[in-house]
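What follows is each chain in one-letter form.
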Amino acid sequence: MQHGTSGKHFKNWSNTYSCNPSLYFEPETIEEIKEILKSANENKKIVKVVGVGHSPSSIACTNDYMISLSKFDRIIDIDQENLKVKVQGGIRVDRLNGILYDNNMGLSVLGSISDQTIAGAICVGYHGTGINYGILNSYVTEIEMILASGEIKTYSKNSNADQFGAILCSLGCLGIILSVTIQCEKSFKLEQIEYPGRLEEMLESLDEHLKSSDHFRMFWYPHTDYVMCYNASRTKKPINPKKFNWFKDKLIGFYLLEFLLFIGFYFQFLVPYINWLYFKIFSNRSEYVDRSYNIFNFDCLFKQHAFESSIPIKDTSKYLLKLKRWLNENPNVRVHFGVEIRFSKSDDIWISPCSNQDSCWLNIIMFRPYGKEYPREEWWNINEKLMIECNGRPHWAKTHNLKKTELMELYPKFEQFDKLRRELDPNEIFINDCLRKVFS
Ligand SMILES: Cc1cc2nc3c(=O)[nH]c(=O)nc-3n(C[C@H](O)[C@H](O)[C@H](O)COP(=O)(O)OP(=O)(O)OC[C@H]3O[C@@H](n4cnc5c(N)ncnc54)[C@H](O)[C@@H]3O)c2cc1C
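Nothing here was measured: the structure is a model prediction, and the numbers come from that model. (Residues numbered from 1 in each chain as written. Predicted model: local features only at pLDDT ≥ 70, side-chain atom pairs only at ≥ 80, totals over all residues. Heavy atoms only, no water.)

J.: How do you make sense of the domain arrangement of the protein when you look at a structure like this?
T.: Frequently, the measure chosen for interface size is the accessible area that the parts lose on association. The assigned domain composition of the protein is domain 1 (75-186) and domain 2 (189-394). Put simply, the middle of domain 1 and the middle of domain 2, counted by C-alpha atoms, are 26 Å apart. Counting residues at the interface gives 31 residues for domain 1 and 27 residues for domain 2. Across the domain 1 to domain 2 interface the summed buried area is about 2,500 Å²; carbon plus sulfur atoms make up 61%. Broken down residue by residue, the surface that domain 1 buries against domain 2 is led by Ser112, Thr129 and Ile131, which jointly contribute 27%. Remark: the boundary between domain 1 and domain 2 carries one salt bridge. A salt bridge links Glu185 to Arg234; the nearest nitrogen and oxygen atoms lie 3.0 Å apart. Linking domain 1 to domain 2 there are 14 residue pairs in polar contact (both at pLDDT 80 or more). For the side of domain 1 that touches domain 2, the secondary-structure elements that each account for two or more residues are helix 2 (93-102) and helix 4 (161-167). (Domains from an automatic or database assignment. Contact = heavy atoms within 4.5 Å. Buried area = accessible area lost by both parts, 1.4 Å probe. Salt bridge = Lys/Arg side-chain N within 4 Å of Asp/Glu carboxyl O. Polar contact = N/O pair within 3.5 Å; in protein donor to acceptor, adjacent residues only side chain to side chain. Helix = DSSP H or I, 4+ residues; strand = E, 2+ residues; numbered from the N terminus.)

Right, dumping it as structure tokens:
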């Protein structure tokens with residue numbers, strides 16, 4: 001049996017979930033992975049592969065066997081003619097971005113960070129924004145997976161096609177992703193225009209804004225009417241990056257903010273003023289051009305809790321206006337900026353949050369300045385309530401309270417997914433406590 005180490009303490013990026021796996025493995029070969037799976041089946045152990053632990057939930061946690069695929073991080077093939085790349089599951093997206101750029105290729109869409117492993121991102125349905133762009137999973141053309149039995153299977157539109165739609169967003173519970181093939185496009189630059197706006201006005205003309213660029217998103221500052229808007233489109237213009245000003249962007253934008261929110265923890269009436277102040281400081285219009293991934297990604301600042309849902313796009317205004325009204329009616333609830341509002345095209349992946357619906361993503365956060373835990377229950381509850389009211393679906397990497405019966409209502413193929421899961425993993429070695437809630 002491959003030698004696992006004991007004593008590993010795992011914490012996710014935001015330090016909000018942790019676990020103590022009895023054995024931690026960094027296999028170098030497929031044979032070693034097979035041995036771990038065999039032992040898990042024989043000894044009734046849970047096996048979780050961990051990417052870089054960026055999920056703000058316990059989805060990657062286990063106190064049994066934890067596997068890191070950090071040694072499965074190679075590029076297997078770059079097909080420049082067909083613009084496809086095949087990579088091992090453990091490669092980080094930021095490394096892939098650089099390699100693709102050097103080969104005149106790029107991923108069509110990215111979320112706010114690229115630190116994740118490609119397999120971790122695919123498992124949870126990693127998305128960016130752009131109404132004509134699906135979640136990253138919708139660009140995946142093939143996945144190679146090692147099943148609980150040790151069998152290796154390839155899934156694509158040509159191979160095991162009937163199950164490909166399930167494998168494309170698998171929550172890490174159908175098997176271990178060994179490799180992923182992704183349809184890319186030629187490397188591209190994006191020109192981003194950022195400008196301030198008012199929430200109601202932006203929502204009134206949302207359709208126009210969605211069409212006005214390739215990748216449109218907004219950032220609402222709760223307790224105010226203000227939003228920052230970001231329109232990014234492909235361009236041939238020369239690179240003219242956003243100027244980084246250490247004093248403004250780092251000292252004020254990061255360190256001072258954390259300090260102010262720390263003070264705000266003791267004097268919570270200050271929080272709306274902090275939101276307003278940061279909008280005023282950072283709301284100037286600017287335009288810049290950069291490599292695609294430098295525009296897609298941005299600084300998400302410091303440790304935070306996050307909750308995100310994907311709702312039918314037609315309900316965007318309803319959700320946000322109700323949320324804003326609720327906040328006005330509950331002045332004792334103080335919440336941090338920003339509410340990130342993004343959009344993704346519908347797909348046909350069984351349990352993708354954008355399955356069969358053009359979607360609006362709504363991401364709320366609550367920072368943890370110097371580890372302080374602001375009360376967030378009411379803010380989370382109202383967002384989950386509005387999500388349910390709109391038939392929205394939770395982001396799989398983030399915490400939520402939906403159970404199987406509710407998920408079956410939201411996903412016509414949920415039961416089919418669960419059946420396949422039980423067939424592929426009869427001893428449920430891939431089901432940790434977080435996933436057990438989803439399937440019970
Ligand atoms: C600051 C920040 C910003 C973020 N921004 C976005 C965003 O813009 N858009 C978005 O969609 N998400 C976003 N997220 C969430 C994040 O993208 C996901 O949680 C992330 O993709 C998970 O990748 P990971 O490598 O950290 O995987 P982990 O969190 O370690 O694991 C996630 C799941 O994948 C499974 N898994 C990992 N590797 C494998 C494998 N090889 N085979 C089988 N299962 C595997 C794990 O068991 C687990 O179930 C953000 C998170 C943070 C902290």
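Resuming the write-up.
J.: Which parts of the structure should I look at to understand the pattern of salt bridges?
T.: Pairing of side chains with opposite charge becomes possible as their charged atoms draw close. Scanning all chains against the criterion turns up 31 salt bridges. The partner of Lys404 in a salt bridge is Glu415, with the nearest N and O atoms 3.6 Å apart. Separated by eleven residues along the polypeptide, Lys404 in helix 12 (residues 404-410) and Glu415 in helix 13 (residues 414-424) bring together distant segments of the chain. When its relative accessible area of 16% is taken as the criterion, Lys404 is described as buried. Judged by relative accessible area, which is 34%, Glu415 ranks as partly exposed. The salt bridge partner of Lys404 is Asp418, with a shortest N-O separation of 2.8 Å. (Buried < 20%, exposed > 50% of the residue type's maximum accessible area, 1.4 Å probe, protein only.)

J.: Could you clarify how one ought to interpret the site of the ligand in this entry?
T.: Residues in contact with the ligand amount to 33 residues; listed here are only the nearest, Val49, Gly51, His54, Ser55 and Gln116. Backbone polar atom of Val52 to an oxygen atom of the ligand: 3.1 Å apart, as the coordinates give it. Taking Ile59, its main chain carries an N or O atom lying 3.4 Å from an oxygen atom of the ligand. When the free accessible area of the ligand is taken as 970 Å², the share hidden by the protein chains comes to 97%. Going through the elements one at a time, strand 4 (47-50), helix 3 (118-124) and strand 11 (176-183) are the ones with two or more residues in the shell around the ligand. For the shell around the ligand, the leading source of residues is helix 3, giving five residues. Grouping the amino acids of the shell around the ligand by side-chain chemistry returns 18 nonpolar, 14 polar and one charged. (Near = heavy atom within 4 Å. Areas by Shrake-Rupley, 256 points an atom, 1.4 Å probe, with all protein chains shown as cover. Nonpolar A, V, L, I, M, F, W, Y, C, P; charged D, E, K, R; others polar.)

J.: When you look at unusual backbone geometry in this model, what are you seeing that I'm missing?
T.: Note on backbone geometry: most residues besides glycine have negative phi, and most peptide bonds are trans. Of note, the amide linkage connecting Phe337 to Gly338 takes the cis form, showing an omega dihedral of -5°. Within the element layout of this structure, Gly338 appears in the loop between helix 10 (316-329) and strand 18 (339-344). Of note in this structure, Glu428 is not a glycine but carries a positive phi near 55°. Among the structural elements, Glu428 can be located in the loop between helix 13 and helix 14 (433-438).

J.: What should I look at first to understand the pairing of strand 6 (residues 75-79) in this one?
T.: The two faces of the sheet receive side chains in turn, since in a regular strand these alternate between them. Bridge analysis of strand 6 against strand 7 (residues 84-88) gives four bridges, and the strand direction is antiparallel. Note on strand 7: the bridge partner recorded for Asp77 is Lys86. Remark: four residues form the turn of the hairpin made by strand 6 and strand 7, two consecutive strands paired antiparallel; Leu83 in that turn has positive phi of roughly 55°. (Pairing = 2+ DSSP bridges.)

J.: How should I be thinking about the environment of Phe282 in this particular structure?
T.: Mapped onto the elements of the fold, Phe282 is located in the loop between helix 8 (271-281) and strand 16 (286-291). Expressed as a C-alpha distance, the spacing of Phe282 and Leu323, which sit 41 residues apart in the sequence, is 23 Å.

J.: Sorry, what's going on with helix 10 here?
T.: One turn of an α-helix holds 3.6 residues; hence residues three or four places apart share an orientation. Helix length check: helix 10, at 14 residues, gives a terminal C-alpha distance of 20 Å against a target of 20 Å (1.5 Å per residue), a fit within 8%. Every buried residue of helix 10 is accounted for by Thr316, Tyr319, Leu320, Leu323, Lys324, Trp326 and Leu327. Take helix 10 and look down its axis: the buried residues cluster within an arc of 160°, on one side only. Facing away from the buried side of helix 10 by over 90 degrees, the exposed positions are Asn328 and Glu329. (Expected span 1.5 Å × (residues − 1). Arc of directions from axis to C-beta.)

J.: How should the nonpolar core be read in this particular structure?
T.: Soluble globular proteins tend to bury their nonpolar side chains together. If you look at the biggest cluster of nonpolar residues, it comprises 134 residues, and the most contacted ones within it are Ile118, Trp220, Ile341, Trp379 and Trp396. Looking at which domains feed residues into this core, each of domain 1 (75-186) and domain 2 (189-394) gives three or more. When residues no more than four places from it in sequence are discounted, the contact partners of Trp396 are Ile59, Val124, Cys169, Leu171, Ile351, Pro353, Leu407, Tyr411, Phe414 and Val438. Counting residues in hydrophobic clusters, the runner-up holds seven residues, among them Phe10, Cys19, Tyr24 and Ala60. (Core = buried A, V, L, I, M, F, W, Y, C linked by side-chain atoms within 4.5 Å.)

J.: Mind showing me how you'd approach the packing of helix 10 against helix 11 (residues 377-389) here?
T.: Between two packed helices, what matters for the description is the angle formed by their axes and the separation of those axes. In contact at an axis separation of 10 Å, helix 10 and helix 11 are set at 150° when each is read in the N-to-C sense. Overall, the two elements helix 10 and helix 11 adopt an arrangement that is roughly antiparallel. Pair helix 10 / helix 11 crosses with right-handed handedness. Contacts between helix 10 and helix 11 involve Lys318, Tyr319, Lys322, Leu323, Trp326 and Leu327 from the former and Glu378, Trp379, Ile382, Asn383, Leu386, Met387 and Glu389 from the latter. A per-class count over the contact of helix 10 with helix 11 returns eight nonpolar, one polar and four charged. (Axes fitted to C-alpha atoms, helices over the stretch in contact; angles between N-to-C directions. Parallel < 35°, antiparallel > 145°, perpendicular 65-115°, else oblique. Left-handed = near helix turned anticlockwise from the far one by under 90°.)

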